[in-house]
Amino acid sequence: MTSFSKIEHYEKEYADTHHDTALNVTEGVADQPIVNPYFVRKRRRSFTTDEYVDGILRGDITILSQAITLIESNKPEHYDQAQQIIEKCLPHAGRSVRIGITGVPGAGKSTFIEAVGNMVVSLHHRLAVLAIDPSSERSGGSILGDKTRMESISSNPDIFIRPSPSAGSLGGVARKTRETIVLCEAAGFDVIFIETVGVGQSETAVHSMVDMFMLLQISGAGDELQGIKRGIMEMADMMVITKADGENRQKAELARTQFQSALHLFPMPESGWRPKVYTCSAVAQTGLEEVWKGVEEFLDHTHANGYFQANRNRQNKYWMYESINDALKESFYRDPAVAAHIADVERRVLDARLSSFVAAKELLDIYFEDKKEGN
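Residues numbered from 1 in each chain as written. Predicted model: local features only at pLDDT ≥ 70, side-chain atom pairs only at ≥ 80, totals over all residues. Heavy atoms only, no water.

K.L.:
How should the nonpolar core be read in this particular structure?
P.N.:
Generally speaking, soluble globular proteins have nonpolar side chains that are buried together. Core analysis: the largest hydrophobic core is formed by 47 residues, its most contacted members being Ile56 and Leu183. Of the residues forming this core, the biggest block, six residues, is contributed by helix H3 (residues 61-72). Look past the residues within four positions of Leu183 in its chain and what remains in contact with it is Ile56, Leu64, Ala67, Ile68, Ile71, Ile85, Ile86 and Cys89. One finds Met119, Met212, Val240 and Trp273 within the second-largest nonpolar core, a separate group that totals 36 residues. (Core = buried A, V, L, I, M, F, W, Y, C linked by side-chain atoms within 4.5 Å. Buried < 20%, exposed > 50% of the residue type's maximum accessible area, 1.4 Å probe, protein only. Helix = DSSP H or I, 4+ residues; strand = E, 2+ residues; numbered from the N terminus. Contact = heavy atoms within 4.5 Å.)

K.L.:
In this structure, what is going on with the pairing of strand E4 (residues 191-195)? I would like to understand it.
P.N.:
Along any regular strand the residues' side chains alternate between the sheet's two faces. Burial within E4 is extensive, with five of its five residues counted as buried. Along E4, one buried face is formed by Val191, Phe193 and Glu195 and the opposite face, lined by Ile192 and Ile194, is buried too. When strand E1 (residues 97-103) meets E4, the two strands line up parallel, connected through five bridges. Across the sheet, Gly100 pairs through a bridge with Ile194, a residue of E4. (Pairing = 2+ DSSP bridges.)

K.L.:
Looking at this model, I keep getting lost on H3. Mind explaining?
P.N.:
Turn by turn, an α-helix covers 3.6 residues, leaving residues three or four places apart pointing in a common direction. In this model, H3 (12 residues) spans 16 Å end to end at C-alpha, consistent with the 16 Å of a helix rising 1.5 Å per residue. When H3 is considered as a whole, its buried residues turn out to be Ile63, Leu64, Ser65, Gln66, Ala67, Ile68, Leu70 and Ile71. N-cap assignment for H3: the residue whose side-chain oxygen lies 3.0 Å from the backbone N of Thr62 is Asp60. (Expected span 1.5 Å × (residues − 1). Polar contact = N/O pair within 3.5 Å; in protein donor to acceptor, adjacent residues only side chain to side chain.)

K.L.:
Looking at this model, I keep getting lost on the packing of helix H2 (residues 49-58) against helix H4 (residues 76-89). Mind explaining?
P.N.:
In a packed pair of helices, the relevant descriptors are the angle between the two axes and the axis-to-axis distance. It is at 9 Å that the axes of H2 and H4 come closest, and there the two elements cross at 45°. What the angle tells us is that H2 and H4 run oblique. The chirality of how H2 crosses H4 is right-handed. The residues of H4 that touch H2, namely those facing Thr49, Asp50, Tyr52, Val53 and Ile56, are Gln81, Gln84, Ile85, Lys88 and Cys89. (Axes fitted to C-alpha atoms, helices over the stretch in contact; angles between N-to-C directions. Parallel < 35°, antiparallel > 145°, perpendicular 65-115°, else oblique. Left-handed = near helix turned anticlockwise from the far one by under 90°.)

K.L.:
Whenever I open this one, the packing of helix H5 (residues 109-122) against helix H12 (residues 288-304) confuses me. Can you help?
P.N.:
The N-to-C vectors of H5 and H12 enclose an angle of 75°; their axes lie 10 Å apart at closest approach. Comparing their axes, H12 and H5 come out roughly perpendicular. Residues Phe112, Ala115, Val116, Met119 and Val120 of H5 form the contact with H12, whose participating residues are Leu288, Glu289, Val291 and Trp292.

K.L.:
Could you clarify how one ought to interpret H12 in this entry?
P.N.:
With 17 residues, H12 extends 25 Å between its outermost C-alpha atoms, agreeing within 8% with the 24 Å of an ideal straight helix rising 1.5 Å per residue. Three or more residues of H12 are buried, namely Leu288, Val291, Trp292, Gly294, Val295, Phe298, Leu299 and Thr302. Buried positions in H12, seen along its axis, are confined to an arc of 150° and lie on one side of it. Residues of H12 that are exposed and angled more than 90 degrees away from the buried face: Glu289, Lys293, Asp300 and Ala304. Looking one or two residues beyond H12, the residue adopting positive phi is Gly306, at roughly 85°. (Arc of directions from axis to C-beta.)

See the structure below:
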């Protein structure tokens, strides 16, 4: 075959296989599964209540984390086991200092906790940080990024960081946070930091579960004395002006003087302790020792005059009633008779055929009647 005939042969063969078109797409491989078909998910071992308690008392971080997950779960079976774990851990709890930390957005709460955390551990304490992350109102999701922000302490075995989603509760602080405190104390953590979302209603809930309330503030952000609610300032046992370094140091000192003057205008707190204002820089590592010394002075003062224990007793009573309220609310919405009627009652309210108050009474009557019949 001549070279010319060879070319004709190959051209004909190409045309036959490609159907006389230059726009040809080679068939690819079939769609592959996104997940490896040979991957087998290992089911997390479920522990008995006694195994959970033994692990927590040994200071096993993995078991502690799983127990906290039970507390945060909405499943009834998880709730029952979590309550049993808490009850058995309770005699081993209570031997810690609980400090609530809040502040305006951008005050550097996570950076401050990271810096103070390293110092607290150097003083032979064990620190648990319960960081409440705001949940999205739209998707319900949370970033839970505190372990990323607190990189230098997240791998320290003497520091336990637990970011938790607020999940739409009052600023992210509720009964579950208090129960988590009990487990952390039983695991041997003697300093508990509760970092709140920011300035808002959640601070009232935090104040009801801590021994000391610390407020972080920044300078140079406008009129400092108008930059925060008076109610939050009245709850504070200590104020800290953060980022007091470089060119901002002079502004921080001025803000400290202004806040200290403002705090003297408030009535003397029940603790008998006049709150003090400190300045510090987590980046420059300045002022941190003075802040922690102020914490120790406050604790010594409240232990000496009996306020520390009286405050804890009052908090225990408060959370007893909060637990009753939560249990009643849960029981109401899970009641079969209520579930069968609530949609109809809601529709009549929306159609303006029934007032909200009458509707609530109607549903409560259904609930109590159902309970009377033993359902």
